[in-house]
Amino acid sequence: MTAEDFAARIAAAYASEGASIDIGRAVLDGTTHPDAVVQVPLAMCNRHGLIAGATGTGKTVTLQLLAEQLSSAGVPVFTADIKGDLSGLVKAATPGERITRRVEELELQYTPAGSPVQFWALGGEGPGVPVRASVSSFGPQLLAKVLGANETQTSSLSLVFYYADQQGLPLLDLVDLVDLLKFLVSDEGKAELKGIGGLSSQTAGVLLRKLVELLQQDAELFFGEPEVTVADLMRVDADGRGVVSCLELADVQDRPKLFSTFLMWLLAELFEHLPEAGDLDQPKLVFFFDEAHLLFDGASKEFVDQVAQTVRLIRSKGVGVFFVTQLPDDVPDEVLAQLGNRVQHGLRAYTPRDAKALKAAVSTYPKTDDYDLEEALTQLGIGEAIVTTLADNGAPTPVAWTKVRPPQSQIGAVDPAEVLALAQASEPWATYVTEVDRESARELLAARMGVTLPPPTPAPTEPPVVRPDLPPPPAGAYPPEPSPGDLVRDSGLDAEAFDPAPAPESHSRAKAGPKGPPGRATRVEPAPRRKGGTKAKKDDDNAVTDFLKSREGRATVNNVVRGVFDLLKKKG
């Protein structure tokens, strides 16, 4: 077979009658063929896909390339930005030597351009419009995944959610769930649950302890209202370009279980609210699920089945899902089987697990006489990939070693201060920046038991900023930070319900009332709700210590240290 025959065959196999997303140009025996265009039809982008490869091989740039072309075609995009690199989508590229060389090699028409980007951040943790979800809409299955709950605990959590729904007790934030758990194991609550199965003190204690761990990750920021709407994730600008919703996760990348499950919640929301659409000329939305292995790490079979069902069925609602990860086997087989479009960057067989993953990856590709895939996958350079997509008729295209074209937007991060300014200037900022604290389970349970709740601590209006060149974070961005034993000490449960043992009562801020005689109800005091980020004062009344331990205090210390180092650099 001649080189001309190869180029013609690849070009014909990847040709599309309608609009398409250009991935790059095919390579054979080290020679790039500019006529051998490797692309995926726009109509096939809701058949889902996989972008995989070792660190540094070009996965994020490929994601950026696909996102900007989808946007240009009028398709809204949602993507998680784990390291902040994707913020460059908003700016036109400044071509350097590498980009210029790749453009000339592939014989491309190249015009630098940015895309319309809406920056979001989980609960305001990072430079973006705050994104929140109510505990109730998050649901027991996803919350159990975040908590690392076992089957029994997940079942008990489902019972709690069911009870809340039947009794009209809205679960908006984690404090609502904590107070409801405390109530259900009190003398008053046990009687109410008796008819539907009951809840053991031991299981409730474990769930409360897990909630404490979650609160220590500032998770309270992510739960509440107003919730982001599907409409705000599927916008088109005045020029007809799809808006790229970029969820900035650099500030929360150390909490992978939380943000990966939050992404799954967003996908489930899309599935629940979008109507059936059938086969469309282009998707309504394409959802990029970065660091996908985090979602499935330690997941139960039931959870994986739920994800697989969502991915399988959401196609008919016009949504495409691309999973982005390092190894193909990071994604369970039930989900991997749904991914028809594959962009596999280089794999490195440095460990036995890598070698096994390499063989598994080869087995999932269509057979080819053009390459030894097992060898090719280990020889791919940066910005090169083994690609197969779905043609217009839904059949897999031939495998093509592809040099990926460079994106037209900036490769690399934009200054976080600029990202924050863009977020503050966007239309959704006014809608979502202020958390709404309406009446929920906590207030309703307190009224039922005749308990007077303490007023919420007001949020600081001006968070302290030491360096004037750094923009202040939005008001309310600082999370509350209870101590590890706060909820345990507030729970009102027996000591044996907890492991490790509860903290001494002498440090308790709010205890349950003393137990009465047998048969008498015990009143459970709800835990104080703290909103906006001001840390409640500890019992020792040491306000300075409390401030330095708070998120505001840590931010102040970090800014001071950074400022000192800047001064030292200037003097040096």
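Residues numbered from 1 in each chain as written. Predicted model: local features only at pLDDT ≥ 70, side-chain atom pairs only at ≥ 80, totals over all residues. Heavy atoms only, no water.

Trainee: Can you lay out the confidence of the model for the protein for me, pointing to particular residues and giving the numbers?
Mentor: Scored by pLDDT, the protein has a mean of 81; 78% of the residues are at 70 or more. When the criterion is pLDDT under 50, residues 461-467 qualifies, and its contacts beyond four places in sequence or with other chains add up to 17 contacts. In the model, residues 530-541 has pLDDT below 50 throughout and makes 38 contacts with residues more than four positions away in sequence or in other chains. (pLDDT = per-residue confidence, 0-100. Contact = heavy atoms within 4.5 Å.)

Trainee: Any details on unusual backbone geometry? Residues and values, ideally.
Mentor: Between Glu225 and Pro226 the backbone carries a cis peptide bond, its omega angle lying at 5°. Considering the arrangement of structural elements, one finds Pro226 in the loop between helix 8 (201-216) and strand 7 (244-248). With a phi close to 70°, His48 is a non-glycine residue in the positive phi region. Within the element layout of this structure, His48 appears in the loop between strand 2 (31-41) and strand 3 (49-52). With relative accessibility at 3%, the residue His48 sits in the buried group. Non-glycine residue Glu107 carries a positive phi angle of around 55°. Inspection of the secondary structure puts Glu107 in the loop between helix 3 (97-106) and strand 5 (117-122). (Helix = DSSP H or I, 4+ residues; strand = E, 2+ residues; numbered from the N terminus. Buried < 20%, exposed > 50% of the residue type's maximum accessible area, 1.4 Å probe, protein only.)

Trainee: How would you sum up the pattern of salt bridges? Please name residues and give values.
Mentor: Tallying each qualifying case throughout the model produces 15 salt bridges. Where Asp329 meets Arg353, a salt bridge forms, and the shortest distance between an N and an O atom there is 2.8 Å. With Asp329 in the loop between strand 9 (319-325) and helix 12 (333-336) and Arg353 in helix 13 (residues 352-363), this residue pair connects regions lying 24 residues apart in the sequence. Look at Arg353 and you get partly exposed, because its relative accessible area is 43%. Salt bridges sharing partners connect three or more residues here, namely Asp22, Arg25 and Arg405. (Salt bridge = Lys/Arg side-chain N within 4 Å of Asp/Glu carboxyl O.)

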